[in-house]
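If you want the building blocks of each chain, they are given just below.
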Amino acid sequence: MTWTVAPEPYDSPVAAALWRAYYTEVSDRWYLLHEGRPTDPGELEREIAAHSGTDLVPPRGQLLVARYAGEPAGTAGVRLLDATTAELTRVFLYEGMRGRGGAALLVRAAEDAARALGASRMVLDTRGDLVEARALYARLGYTETEAYKEDPYAEHWFAKRLARAA
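Residues numbered from 1 in each chain as written. Predicted model: local features only at pLDDT ≥ 70, side-chain atom pairs only at ≥ 80, totals over all residues. Heavy atoms only, no water.

Asks: Explain the layout of surface pockets here, please?
Replies: Where empty space is left in the structure can be found by rolling a water-sized probe over the atoms. Estimates place the volume of the largest pocket at around 1200 Å³. Contributing to the lining of the largest pocket are 45 residues, with Tyr22, Val26, Arg90, Val91 and Leu130 lying nearest its centre. When contributions to the lining of the largest pocket are tallied by element, the ones reaching two or more residues are α1 (13–35), α2 (41–50), β4 (85–93), α3 (102–116), β5 (121–126) and α4 (131–139). Top contributing element to the lining of the largest pocket by residue count: α1, with nine residues. Classifying every residue of the lining of the largest pocket gives 21 nonpolar, eight polar and 16 charged. (1 Å grid on protein atoms, 1.4 Å probe; cavity = no way out; pocket = protein on both sides within 12 Å on 5 of 7 lines; lining within 4 Å. Points joined across faces, edges and corners; volume = space filled by probe spheres on them. Helix = DSSP H or I, 4+ residues; strand = E, 2+ residues; numbered from the N terminus. Nonpolar A, V, L, I, M, F, W, Y, C, P; charged D, E, K, R; others polar.)

Asks: Got a minute to help me understand the packing of α1 against α2 in this structure?
Replies: Helix-helix packing is described using two parameters, namely the angle between the two axes and the distance between the axes. Direction vectors running N to C along α1 and α2 enclose 130°, while the axes themselves pass 10 Å from each other. Taken together, the axes of α1 and α2 lie oblique to each other. Crossing of α1 against α2: the hand is right-handed. Counted together, Trp19, Arg20, Tyr23, Thr24, Ser27 and Tyr31 of α1 and Glu43, Leu44, Glu45, Glu47 and Ile48 of α2 form the full contact between these two elements. Broken down by class, the residue content of the contact of α1 with α2 amounts to five nonpolar, two polar and four charged. (Axes fitted to C-alpha atoms, helices over the stretch in contact; angles between N-to-C directions. Parallel < 35°, antiparallel > 145°, perpendicular 65-115°, else oblique. Left-handed = near helix turned anticlockwise from the far one by under 90°. Contact = heavy atoms within 4.5 Å.)

Asks: I would appreciate a short explanation of the pattern of salt bridges in the present structure.
Replies: Side chains that differ in sign of charge can pair as their charged atoms come close. For the structure shown, the criterion picks out 13 salt bridges. Across the salt bridge formed by arginine 37 and glutamate 35, the nearest N and O atoms sit 2.9 Å from each other. A relative accessible area of 30% means that arginine 37 is categorised as partly exposed. Notably, a salt bridge pairs arginine 79 with glutamate 87, separated by 2.7 Å at the nearest N-O pair. Across this residue pair, the class does not change: arginine 79 and glutamate 87 are buried. Each member of the salt-bridge network shares a partner with another, and the members are Asp55, Arg79, Glu87, Asp125 and Lys149. (Salt bridge = Lys/Arg side-chain N within 4 Å of Asp/Glu carboxyl O. Buried < 20%, exposed > 50% of the residue type's maximum accessible area, 1.4 Å probe, protein only.)

Asks: In this structure, what is going on with the environment of serine 12? I would like to understand it.
Replies: Looking at the secondary structure, you find serine 12 in the loop between β1 (3–7) and α1. Judged by relative accessible area, serine 12 falls into the buried class, the value being 10%. Between the alpha carbons of serine 12 and leucine 33 there is a distance of 32 Å; along the sequence they are 21 residues apart.

Asks: Please clarify how the sheet that holds β1 should be interpreted in this entry.
Replies: The strands that make up a sheet are held in pairs by hydrogen bonds between backbone atoms, and each pair lies either parallel or antiparallel. In spatial order, the strands read β1-β2-β3-β4-β5-β7-β6; together these seven strands make up an open sheet with mixed pairing. The sheet is open, and its two borders are formed by β1 and β6 (143–145), each paired with just one other strand. Adjacent strand axes in the sheet meet at a mean angle of 30° when their direction is disregarded. Packed onto the sheet, α1 meets β2 (61–68), β3 (71–80) and β4 and runs at close to 85° relative to β4. (Pairing = 2+ DSSP bridges.)

Below, the structure is given as structure tokens:
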């Protein structure tokens, strides 16, 4: 089986399904850890709608979708914060697709997309309980850094210099 990664419109049915799965998982993990319950369905719907991904479109952003054997399996987004800094966001794989190399492939494709947008540095934030994500970023050369934005759910910030493409 093979992986492919390609740009996807943020409002496509595939992107919408992946966004819903991503947001549901990270939200439920937070609420289960901190309040012992899954996300309230009304709150989930409001937040999914409020963060539609309109900033993940050229010329200042890009949404990527990974497919495994042709089936949608994951996503990653990139958006420019300034002329040389891009933010990595929405890195996600369906649970059944994890452990097959897709996450690293997605992050590397996002780095390529960031370079194409003119970025020479990638930043991201994540939470303490998302240990798998933190391990992935460290393995791919991201180092913990100071906070670059305020977000009530961000607990760890990472950065990486993007080498010019060969």
